[in-house]
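# Reading the structure
Read off the chains here:
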Amino acid sequence: VLVYAVMGRLNLKGRCLIGTVIIAAAVATTVILIAASFGGVDEGQMCLIYSTDTRVVDPDPHITPGKSFVGLFADFICFPKTIQTLQFGNMEVRTREGMKLSLEMSIQYKLLAAEL
């Protein structure tokens, strides 16, 4: 109602200007929302799509690098494709007899895309 009251008092030039501003704002908002709906997968990563709206993870992994449409309320959760190493160093433990042992451990693992 307020828009019609204001529009009624404006001349034709003013109406065209307001209409142009409204259309430009709508187009800009649409472009921003579409751009925000894409996510990227980097080289050396495999990703799952996580919906922040429903809090559900899509079980099909995206392993091809590049941009993909994920939706407005979704994002990628990414994991490395390469071999990862966990190292534990200088752990000191004692045996039942009280003897001191010094341990160093290194564990290597690789995630499988089919089992994410």
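Quick summary incoming for the structure in this document. This one's a predicted model, so the numbers in the text were calculated from it and none came from an experiment.

## Concerning a nonpolar patch on the surface
On the surface, Leu86, Phe88, Met105, Ile107, Tyr109 and Leu111 cluster together to form a nonpolar patch covering roughly 500 Å² of accessible area. Secondary structure elements with two or more residues in the nonpolar patch: strand 6 (84-94) and strand 7 (100-109). Per-element accounting of the nonpolar patch gives the leading share, 3 residues, to strand 7. Of note, Tyr109 is situated in strand 7. Taking relative accessible area as the criterion, Tyr109 reaches 36% and is therefore assigned partly exposed.

## Looking at the sheet that holds strand 3 (residues 56-57)
Across the sheet, which stays open at both edges, the 3 strands sit in the order 3-2-5 with antiparallel pairing between neighbours. In this open sheet, the two edge strands, each paired with only one partner strand, are strand 3 and strand 5 (74-80). Bridge count between strand 2 (residues 45-51) and strand 5: 7 bridges; the pairing is antiparallel. Of the residues in strand 5, the one forming a bridge with Gln45 is Pro80.

## What about the state of the cysteines?
What we call a disulfide is simply a covalent bond connecting the sulfur atoms of a pair of cysteines. A full pass over the atoms with the stated rule returns 1 disulfide. Each sulfur in the disulfide pair Cys47 and Cys78 lies 2.1 Å from the other. Classification of the bridge connecting Cys47 and Cys78 rests on its S-S torsion, roughly 100 degrees, and on that basis the disulfide is right-handed. Highlighted residues: Cys47 in strand 2 and Cys78 in strand 5, separated in sequence by 31 residues. We classify Cys78 as partly exposed; its relative accessible area is 30%.

Rules of the game
By convention here, each chain's residues receive numbers from 1 onward along its written sequence. Local features in a predicted model are, by the rule used here, given only for residues with pLDDT of at least 70; side-chain atom pairs are given and counted only at 80 or more, and totals for whole chains, interfaces and linings are based on all residues. Only hydrogens and water are removed before side-chain values are computed, so all heavy atoms of the structure are retained for them. Patch membership requires more than 30% relative accessible area and the absence of a salt bridge. Residues of like charge join within 9 Å; the nonpolar side chains Val, Leu, Ile, Met, Phe, Trp and Tyr join within 5 Å. Per-residue and other accessible areas were derived by the Shrake-Rupley procedure at a 1.4 Å probe size, with only the shown protein chains allowed to occlude residues. Here, a salt bridge means any side-chain nitrogen of Lys or Arg that lies within 4 Å of a carboxyl oxygen of Asp or Glu. By definition, any uninterrupted DSSP run of H or I lasting at least four residues is a helix, any uninterrupted run of E lasting at least two residues is a strand, and each is numbered from the N terminus. Any residue under 20% of the maximum accessible area for its type is buried, any over 50% is exposed, and the rest in between are partly exposed; the area is computed with a 1.4 Å probe on protein chains only. Paired strands, in this sense, are two strands between which DSSP finds at least two bridges. The disulfide criterion is simple: two cysteine sulfur atoms within 2.5 Å.

Don't take any of this as a statement about function, it's just geometry.
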